[in-house]
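# Fold and contact review
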Amino acid sequence: MLRWESGSRAIACAVFAAIAWLPPRTNAAANAPGFGGADTTAVPPIDCTKVYSPSDVSGLMMPPVTVTPSPGGVAWCDFGNDFSGDISVSVGSNGSMEALWNDATLTSNRAKFVSLTGVGDEALFEAGTNAINPELASKKGRTYCIVTYDRGTVDHYRAFNGVGGPELGKRLGALCTKALVAVRA
């Protein structure tokens, strides 16, 4: 689920947007079969342009880069440019965000990720040698942060392919750290 293709990403955003508009579950509903007692505490909204600046992705995306709120969550932000590249940061405490974390940690996908220190309580980064769209999943308490990086067009990909795994993991992890601080996780 973490490796979103452009079409499935739009579908996922639509699903997350629909979930975001659902009223909070009561404790009885949270303990009902199938819910697994997932924490549905909402995170506070963040102002993407106050938390981030285009310089946060300098060297990862070709300028000019814009920072905008992303549909689907109150603490979701996108970095974008005219080359179809984007970096999305999604933060939340609901079951959908937990499912994304679980996809990286509890499924066979776990073998693709390496641990990354200094981001939340735990963080994992996927950037194997063929990872065209690197991803980061982190958790602080019951708040999750997922960062996806779509490198955009072929020319854009070639220009920014030089940022290697460990350095890229740190850079994407810094985006999660800022978001987790902003929601005070």
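Each remark here, short or long, concerns the structure printed above.
Summarised in this report is the structure supplied together with it. (Residues numbered from 1 in each chain as written. Predicted model: local features only at pLDDT ≥ 70, side-chain atom pairs only at ≥ 80, totals over all residues. Heavy atoms only, no water.)

### Looking at the pairing of strand β7 (residues 143-150)
Walk down a regular strand and you will see the side chains alternate between the two sheet faces. Condition: Note on exposure labels: buried denotes an accessible area under 20% of the residue type's maximum, exposed denotes more than 50%, and partly exposed covers the range between, all computed with a 1.4 Å probe on protein chains only. Counting from the N terminus, the helices are the DSSP runs of H or I reaching at least four residues and the strands are the DSSP runs of E reaching at least two. One bridge is not enough; two strands pair if DSSP finds at least two bridges between them.
Among the 8 residues that make up β7, 7 are buried, leaving the element largely enclosed by the rest of the structure. Across 7 bridges, strand β3 (residues 86-92) lies against β7 in antiparallel orientation. From the neighbouring strand, I87 faces β7, where its bridge partner is Y149. Hairpin connection, strand β6 (residues 135-140) to β7: the antiparallel pair is bridged by 2 residues, and G141 has positive phi, about 60°.

### Focus: the sheet that holds strand β4 (residues 114-115)
The following threshold applies: What makes two residues a contact is simply this: any of their non-hydrogen atoms within 4.5 Å. Only the stretch in contact is used when fitting a helix axis, every axis being a line fitted to C-alpha atoms; angles between N-to-C directions are given from 0 to 180 degrees.
Sheet architecture is open: 7 strands sit in the order β1-β2-β3-β7-β6-β5-β4, paired in antiparallel fashion. Strands with a single pairing partner mark the edges of an open sheet, and in this sheet they are β1 (66-69) and β4. When β4 meets strand β5 (residues 122-126), the two strands line up antiparallel, connected through 2 bridges. Paired with S115 across the strands is L124, a residue of β5. On top of the sheet, helix α4 (residues 95-105) reaches β2 (76-80), β3, β5, β6 and β7; it is set at about 70° to β7, its chief contact. Contacts between helix α6 (residues 165-182) and the sheet are confined to β2, β3, β5, β6 and β7, with β7 contributing the most and set at about 135° to the helix.

### As for the pattern of salt bridges
Which entries qualify depends on this criterion: The term salt bridge refers to a side-chain nitrogen of Lys or Arg lying within 4 Å of a carboxyl oxygen of Asp or Glu.
According to the stated counting rule, one finds 2 salt bridges in the structure shown. Of the charged contacts, one joins K178 and D56 as a salt bridge, the two residues approaching to 2.8 Å between their closest N and O atoms. Linking K178 in helix α6 with D56 in the loop between α3 (48-51) and β1, this pair joins segments that are 122 residues apart in sequence.

### Thoughts on the nonpolar core
What counts, and what does not: By convention a nonpolar core is built from buried Ala, Val, Leu, Ile, Met, Phe, Trp, Tyr and Cys residues, the set being connected through side-chain atoms within 4.5 Å.
In terms of nonpolar packing, the biggest core is built from 31 residues, with F79, I87 and L172 touching the most fellow members. Put simply, the parts of the chain that give this core at least two residues each are α3, β2, β3, β5, β7 and α6. Leave out the neighbours within four places in its chain, and I87 touches V57, L60, M61, C77, D78, F79, V147, T148, Y149, L172 and L175. Counting residues in each nonpolar core, the second largest holds 10 residues, with W76, M97, A104 and L124 among its members.

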